[in-house]
Each structure stands twice: as structure tokens, then as C-alpha cells.
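Secondary and tertiary structure notes
What follows is each chain in one-letter form.
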Amino acid sequence: MAAAKEPQIITDKEQMRKWSREMRSQGKTISLVPTMGYLHEGHLSLVREARKDTHLVVVSIYVNPGQFSPTEDLSTYPSDFHGDLLKLASVPGGVDVVFHPQNLYDTKDCRKGSRGGGGGMVSCLEEKGMGHQTWVRVEKLEKGLCGKSRPVFFRGVATVVTKLFNIVEPDVAVFGKKDYQQWRIIQRMVQDLDFPIEVIGSEIRRDDNGLALSSRNVHLSPEERKKALSISRSLLMAKASVEKGQVNCRELRDLVIQEIHNAGGRVDYAEIVDQESLEEVEEIRSPVVFCIAAWFGKVRLIDNIEIKI
Ligand code: PAF
């Protein structure tokens, strides 16, 4: 068996950019897999995807305060940097660099200045009074689905991904389709802002029972984990129902909401949307994605299924 490859760990953004530029000057192509750490098989599948696409792979591990609101789970977001390195080393070919910055934002205190990055939105960054003022927003796509209950989330994601793109300068970036809205938002941002980067969406990874892999699953009790299976089960039921001819989205949503409710979950949203525009549809006439967010205890999970007709 080949020895596991140890990645180079870079914490400084200038050094990261220098490494990328050096590699590119040698004709090497680079993929970036942005993560917030606490890696699982889903992340590793993104790395395997990235390995196929370019000579070199960079994985970033950074829990971004700009995408959490002060009432969300930034402080309890799980982390295990050492475990992450071991998992990355287990991927055939390994990864070349783990970019692990301590902070990506201006730490100058601007508490006396205006708070809120626009529209009165406050993330953990503004809460801490950081000097950062510039935000990237993908205005239409960020509004629906998760954007309704997490108003600062996609502004924070688009901004930190822009920063990562500017620092790493990758040729390819790989995102998981579990975060479907996030993937579409990044694709749109790259198109609208002319980033010379190919954005790849990688299929959802599930455990043997169908639960979509997520770093947040670690917070589920065994009982909640069983209940949470109602999400993927109900999505499969909806897909099977479409295959039998059901195109009415209200009926399909009711089916899913009932199934999750019966299992003891609380649905945040269950929406059938166009795969590109993410606009809600009433009848399925073209490819859609059925997106769900639901709470099990204190854990909010998301999942989705693409349905082609
Ligand atoms: O999907 C995630 O883990 C994060 O939203 C991302 C893309 C790494 C940005 O912080």
C-alpha cells in the first residue's frame, strides 16, 4: 500500500497565493475544495472529484464567521483539525495543500462605525465589530429556500468564497450538491463576476440508511438520527410519485411535510423549485429540485433530490 501523502499546511494568505502562482507558472492546474472542516465522506468525495480534474488539490478549512448570524451555531460548530488531516491523507493521491487561515477578515475594530453589512443584516463578524465592509450578494438566488430563515448566510458564503478564489486562484472549485442553493449561487457569482474558474457540483453522499452526510449530524442523538431518516425517505417517496405521474407540487409537498412531521421533525421549508432559477413551481413540467430543511431537536438539516421529467 502506498504511504499516505502528508499535505502542506499553509495558514498565511500571502504564502498561499505565492504557492498557487508558483505552481501555475510550472503549468500545473489547481482545484479548490472549500470546507469548514470536521470532514466526512461527503467532503472526501469532493476531494476525489477534484483529483480527477486538476494536477493539484487545495482544501481550505475555515469556519467563516461572516455566514453565521449571532443566534446560530458558530461557537458549537464542530472541529477536529488533526482528524481532518488524517482523513485527507486517506484519499488516493491525498491533497497537496490544506489552507487553514486563522482569520480572513480585517480585525480592526469598527464598533463605533455603522453596524450591519447592508439591509440591517448582522453576522458574527459585524457583531464582533470587525473592520470588514465589502459583501458579495447574488441577489435573486439568495432570497428563497435557506435565505428566508438565514438572511446573512449566502452573503457570507459568496464573500468568503470570493476571498478564497482571490487567494488560491484555482482553475476548478468543487462544491457539494447537498448545499444545492449554495452551489447555484457560486456558479452564478462566477459567471456574473467573470472568475476564470469552473465550478463543479458533486453528488450528495449518504450513509447506509440514506441520511445525507453533514458535519452537523454529529449533534443528533441516536433517536433524532432515526427520525431524520424521514427526510431522505420522503424525498424518495415524492420522486417515485412523480414517476407515477403526480406533477402537482402542493400534493407532493404535503406528502413530504406529513412524513417528516409524523417522524417528529419540524419542517423549515419543503419547496419544489426550478433547478437553475430556484424559483418555486406549481406543476412539474421541467427538471426541478425538491429542497427540504427540517429541525430534529436543535439540529437543522438540509437535503434535496433532483427530479427530471
Ligand atoms: O459549505 C461550506 O462548508 C461553506 O459554506 C463554505 C463553502 C466552505 C464557505 O464557508
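Presented here is a report on the structure given in the accompanying data block. Predicted model only: the values in this text are computed from it and were never measured. Per-chain numbering applies: the sequence of each chain, read as written, is numbered from 1 onward. Residues qualify for local features only when their pLDDT is at least 70, as the model is predicted, and side-chain atom pairs are given and counted only at 80 or more; totals for whole chains, interfaces and linings, by contrast, use all residues. In computing side-chain properties, one takes all heavy atoms of the structure into account and sets aside hydrogens as well as water.

1. Concerning the site of the ligand
Contacts to the ligand come from Pro34, Thr35, Met36, Asn64, Gln67, Val157, Val160, Phe175 and Gln182. Under the rule applied, a polar contact is a pair of N or O atoms within 3.5 Å (in protein, one hydrogen donor and one hydrogen acceptor; residues adjacent in sequence only if both atoms are side-chain atoms). Interatomic distance of 2.7 Å between a side-chain N/O atom of Gln67 and an oxygen atom of the ligand. In the environment of the ligand, an oxygen atom lies 2.8 Å from a nitrogen or oxygen atom belonging to the side chain of Gln182. In short, Shrake-Rupley with a 1.4 Å probe defines the accessible areas, and a residue's cover is counted only from the protein chains shown. Its free accessible area being 290 Å², the ligand has 89% of it covered by the protein chains. A run of DSSP states H or I qualifies as a helix once it reaches four residues; a run of E qualifies as a strand once it reaches two. Both are numbered from the N-terminal end. Of all elements in the fold, only strand E2 (30-35) and helix H6 (153-168) reach the threshold of two or more residues within the shell around the ligand. Residue type decides the class: Asp, Glu, Lys and Arg count as charged, Ala, Val, Leu, Ile, Met, Phe, Trp, Tyr, Cys and Pro as nonpolar, and the leftover types, Gly among them, as polar. Looking at side-chain class alone, the shell around the ligand contains five nonpolar, four polar and no charged residues. One heavy atom within 4 Å of a molecule or strand makes the whole residue count as near it.

2. Describing the side chain of Glu224
Looking at where Glu224 falls in the secondary structure, it is placed in helix H8 (residues 222-243). The buried label applies to any residue whose accessible area, calculated with a 1.4 Å probe on protein chains only, is under 20% of its type's maximum; exposed applies above 50%, and partly exposed to all values in between. The charge count includes Lys and Arg as positive and Asp and Glu as negative, but it does not include His or the ends of the chains. When a carboxyl oxygen of Asp or Glu is within 4 Å of a side-chain nitrogen of Lys or Arg, the pair counts as a salt bridge. One buried charged residue, Glu224, forms no salt bridge at all, with the nearest opposite charge on Lys227 at 6.8 Å. Apart from the residues within four sequence positions on either side, Glu224 is in contact with His219, Phe296 and Gly297. The criterion used for residue contact is that any of the two residues' heavy atoms lie within 4.5 Å.

3. Concerning the pairing of strand E3 (residues 56-61)
Most of E3 sits inside the fold, with six of its six residues counted as buried. Here E3 shows two buried faces, one formed by Leu56, Val58 and Ser60 and the other by Val57, Val59 and Ile61. A pair of strands is treated as paired once DSSP finds two or more bridges between them. As defined by bridge partners, E2 adjoins E3 across six bridges and the pair is classed as parallel. Note that in E3 the partner of Thr35 across the bridge is Ile61.

4. Concerning the sheet that holds strand E5 (residues 172-176)
An order of E1-E4-E3-E2-E5-E6 is seen for the six strands of this open sheet, with the pairing classed as parallel. Every interior strand has two partners, whereas the edge strands, strand E1 (8-10) and strand E6 (198-202), have only one. For this sheet the average axis-to-axis angle between neighbouring strands, irrespective of direction, equals 25°. Bridge count between E1 and strand E4 (residues 97-99): three bridges; the pairing is parallel. Across the sheet, Gln8 pairs through a bridge with Val97, a residue of E4. Note on geometry: axes are C-alpha line fits, over the in-contact stretch for helices, and angles between N-to-C directions span 0 to 180 degrees.

5. Let's talk about the packing of aromatic side chains
Aromatic contacts are taken between Phe, Tyr and Trp rings whose centres are within 6.5 Å, Trp giving its six-membered ring; a plane angle under 30 degrees counts as stacked, one over 60 as edge-to-face, and the others as tilted. A full pass over the atoms with the stated rule returns four aromatic pairs. Their ring planes at 70° and their centres at 4.8 Å tell us that Phe153 and Phe154 sit as a pair that is edge-to-face. There is no split in this pair, since Phe153 and Phe154 are both buried. In this analysis the charged atom, NZ for Lys or CZ for Arg, is taken to sit over a ring once it is within 6 Å of the ring centre and within 35 degrees of the ring normal. Sitting over the face of the ring of Tyr105, Lys163 holds its NZ or CZ atom 5.0 Å from the ring centroid.

6. Concerning the pattern of salt bridges
This structure, assessed with the given rule, holds 21 salt bridges. With a shortest N-O distance of 2.2 Å, Arg48 and Glu41 are connected by a salt bridge. Given the relative accessible area of 32%, Arg48 is considered partly exposed. The partly exposed category is assigned to Glu41, whose relative accessible area is 31%. Notably, a salt bridge pairs Arg150 with Glu72, separated by 2.8 Å at the nearest N-O pair. One end of the pair, Arg150, is in the loop between helix H5 (146-149) and H6; the other, Glu72, is in the loop between E3 and helix H3 (81-89), and 78 residues separate them in sequence. The class of Arg150 is buried, set by a relative accessible area of 9%. Here the salt bridges share partners, and the residues they tie into one network are Glu41, Arg48 and Arg205.

7. Looking at the packing of H8 against helix H9 (residues 249-263)
Taken N-terminus to C-terminus, the directions of H8 and H9 make an angle of 160°; their axes are 9 Å apart at the nearest point. Relative to H9, the element H8 lies roughly antiparallel. Regarding H8 and H9, the two cross each other, and that crossing is right-handed. The residues of H9 that touch H8, namely those facing Lys227, Ser230, Ile231, Arg233, Ser234, Leu235, Met237, Ala238, Ser241 and Val242, are Leu252, Leu255, Val256, Glu259, Ile260 and Ala263. Among the residues making up the contact of H8 with H9, the classes are represented as 10 nonpolar, three polar and three charged. What sets the label is the angle itself: under 35 degrees gives roughly parallel, over 145 gives roughly antiparallel, 65 to 115 gives roughly perpendicular, and the rest give oblique. Rotating anticlockwise by less than a right angle from the far helix to the near helix defines a left-handed crossing, while the corresponding clockwise rotation defines a right-handed one.

8. Regarding the environment of Glu283
Its location among the elements puts Glu283 in the loop between strand E7 (266-274) and strand E8 (288-296). Residues Glu283 and Cys249 lie 34 residues apart in sequence; the distance between their C-alpha atoms is 5.6 Å. Apart from residues lying up to four places away in sequence, Glu283 is in contact with Val247 and Cys249. A polar atom in the side chain of Glu283 sits 2.6 Å from the side chain of Arg285.

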